[in-house]
Amino acid sequence: MVPAFFSKAMILFNCDYSEGAHADILRRMAETNMEQTAGYGEDPYCDQARKLIAGLCGRTDLDIHFLIGGTQTNFTVIAAALRPHQCVLCADTGHIKVSAIPSPDGKLTARQIEEAWHAHWDDETREHMPQPRMVYISQPTELGTIYSRKELQEISGVCRRRGLYLYMDGARLGYGLCDEDNDLDLPAIASLCDAFYIGGTKVGALFGEALVLRHEALKEDFRYIAKQKGGRLAKGRLLGIQFLELFRDGLYFRLGAHADRLAVMLRDFCRSRGLSLPFSSGTNQQFVTMPDSVLEELGRKYGFAYLRREDETHSTVRFCTSWATREEDVRELMADIARLC
């Protein structure tokens, strides 16, 4: 049960989509507002955005689709990939709950995937259980941790040996790419994953995700499936315009770096005060363990997300910065933590 000290607050650190959209995106949408274009993503803006993203990924064999939100993108990709008797393997912190694998840091390992595959295929009664066909990972994870290039290479290798699709949820990909310890880039992700999406909703866009498909089997009839799942926006150019603005001069990466810088500043401050941070994160999500009495006082002024209770008097919460977070708000939070701790 979530403690009562979480209530509506003046300064919100509870998620990274509290604000609307970056001013450059809103301005560009206003400038193009009265233009007439084709619908459902078949407009010049979506075409330009696709070419730009494909270029950033360093490939010419990608299909790129623009969808409205992360949940919709996830279930549309899963619908395209799986037959009715098949299932997805994911960490138990993942935002899809299919065949969950326990993970203390929100990440899967190649060994866990291999073991899950063998657990199914070595079982004589396997036909009574769903068949693993896809591996779902998040970058960053729901705990703010990230996969390294080596980890992703190992996972990709297992997936290809065992005939599993590898799909990366990139709702916060901008924050993962700008993590101080990150060694992945878009070309590497595009070559190692069968599908992934670049999140816009949480990284400066008003709404929208850019789905990138590399595996040929996932490309087949995808627009039919997206239509069936309600994923084709009539005014599709609104998605193309946003991603074109995010990527034409590096705005996406500047926004990601801004949120990470403020989150790391908060992280380092909390460590200096002797507070426990259960996960190692250089992204915009920071988890801090504090006395409930302190959290109750902070909850009168700030919004943050509850994760779990640690003992009778301490809980772990998440502070989440975003592309729009103001440095003065983070510094004010730090000053209040210093006063209360």
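Residues numbered from 1 in each chain as written. Predicted model: local features only at pLDDT ≥ 70, side-chain atom pairs only at ≥ 80, totals over all residues. Heavy atoms only, no water.

Q: Please explain the side chain of glutamate 142 as it appears in this structure.
A: With respect to the secondary-structure elements, glutamate 142 resides in the loop between strand 5 (131-138) and helix 5 (149-162). Excluding anything up to four places from it in sequence, glutamate 142 contacts Thr93, His95, Arg172, Gln285 and Phe287. (Helix = DSSP H or I, 4+ residues; strand = E, 2+ residues; numbered from the N terminus. Contact = heavy atoms within 4.5 Å.)

Q: Is there a simple way to think about the packing of aromatic side chains in this case?
A: The geometry of two aromatic rings is summed up by the distance between their centres and the angle between their planes. Summed over the entire model, instances satisfying the criterion amount to 9 aromatic pairs. Residues phenylalanine 247 and tyrosine 252 carry aromatic rings whose centres are separated by 4.7 Å and whose planes lie at 35 degrees to one another, so their mutual orientation is tilted. Accessibility classification places phenylalanine 247 together with tyrosine 252 in one group, the buried group. By way of ring pairs, the aromatic residues Phe247, Tyr252 and Phe253 are connected into one cluster. For the cation-ring pair, lysine 107 lies above tyrosine 147, with the distance from its terminal atom to the ring centre recorded as 5.7 Å. The aromatic ring of tyrosine 165 is capped on one face by arginine 133, whose charged end is 4.3 Å from the ring centroid. (Phe/Tyr/Trp six-rings, centres within 6.5 Å; stacked < 30°, edge-to-face > 60°. Buried < 20%, exposed > 50% of the residue type's maximum accessible area, 1.4 Å probe, protein only. Lys NZ or Arg CZ within 6 Å of the ring centre and 35° of its normal.)

Q: Whenever I open this one, the sheet that holds strand 3 (residues 86-91) confuses me. Can you help?
A: Either a parallel or an antiparallel arrangement is found when strands of a sheet pair, and the pairing is made through backbone hydrogen bonds. Taken in spatial order, the 7 strands of this open sheet run 2-8-7-6-5-3-4, and their pairing is mixed. Pairing within the sheet leaves two strands with one partner each, and these edge strands are strand 2 (63-67) and strand 4 (99-101). Each adjacent strand pair in this sheet contributes to an overall mean axis angle of 25 degrees, direction not counted. Pairing of strand 3 with strand 4, which is carried by 3 bridges, proceeds in the parallel orientation. Bridge pairing in strand 4 links leucine 89 to serine 99. (Pairing = 2+ DSSP bridges. Axes fitted to C-alpha atoms, helices over the stretch in contact; angles between N-to-C directions.)

Q: How should the nonpolar core be read in this particular structure?
A: The nonpolar side chains of a soluble globular protein tend to be buried with one another. One finds Ile53, Phe196 and Ile198 to be the most contacted residues of the largest nonpolar core, which totals 57 residues. Leaving out residues up to four positions away in the same chain, phenylalanine 196 has contacts with Cys57, Tyr167, Met168, Leu173, Leu186, Ile189, Ala190, Ala210, Leu211 and Val212. Listed in part, the 22 residues of the second largest apolar core include Phe13, Phe269, Phe319 and Ile337. (Core = buried A, V, L, I, M, F, W, Y, C linked by side-chain atoms within 4.5 Å.)

Q: I tried to follow the packing of helix 4 (residues 110-121) against helix 5 on my own but got confused; where do I start?
A: Helix-helix packing is characterised by the crossing angle of the two axes and by the distance between the axes. At a minimum axis distance of 8 Å, the contact between helix 4 and helix 5 shows a crossing angle of 20 degrees. With respect to helix 5, the axis of helix 4 lies roughly parallel. Crossing angle aside, the handedness with which helix 4 passes helix 5 is right-handed. Of the residues in helix 5, those touching helix 4 at Ala110, Ile113, Glu114, Trp117 and His118 are Glu154, Ile155, Val158, Arg161 and Arg162. (Parallel < 35°, antiparallel > 145°, perpendicular 65-115°, else oblique. Left-handed = near helix turned anticlockwise from the far one by under 90°.)

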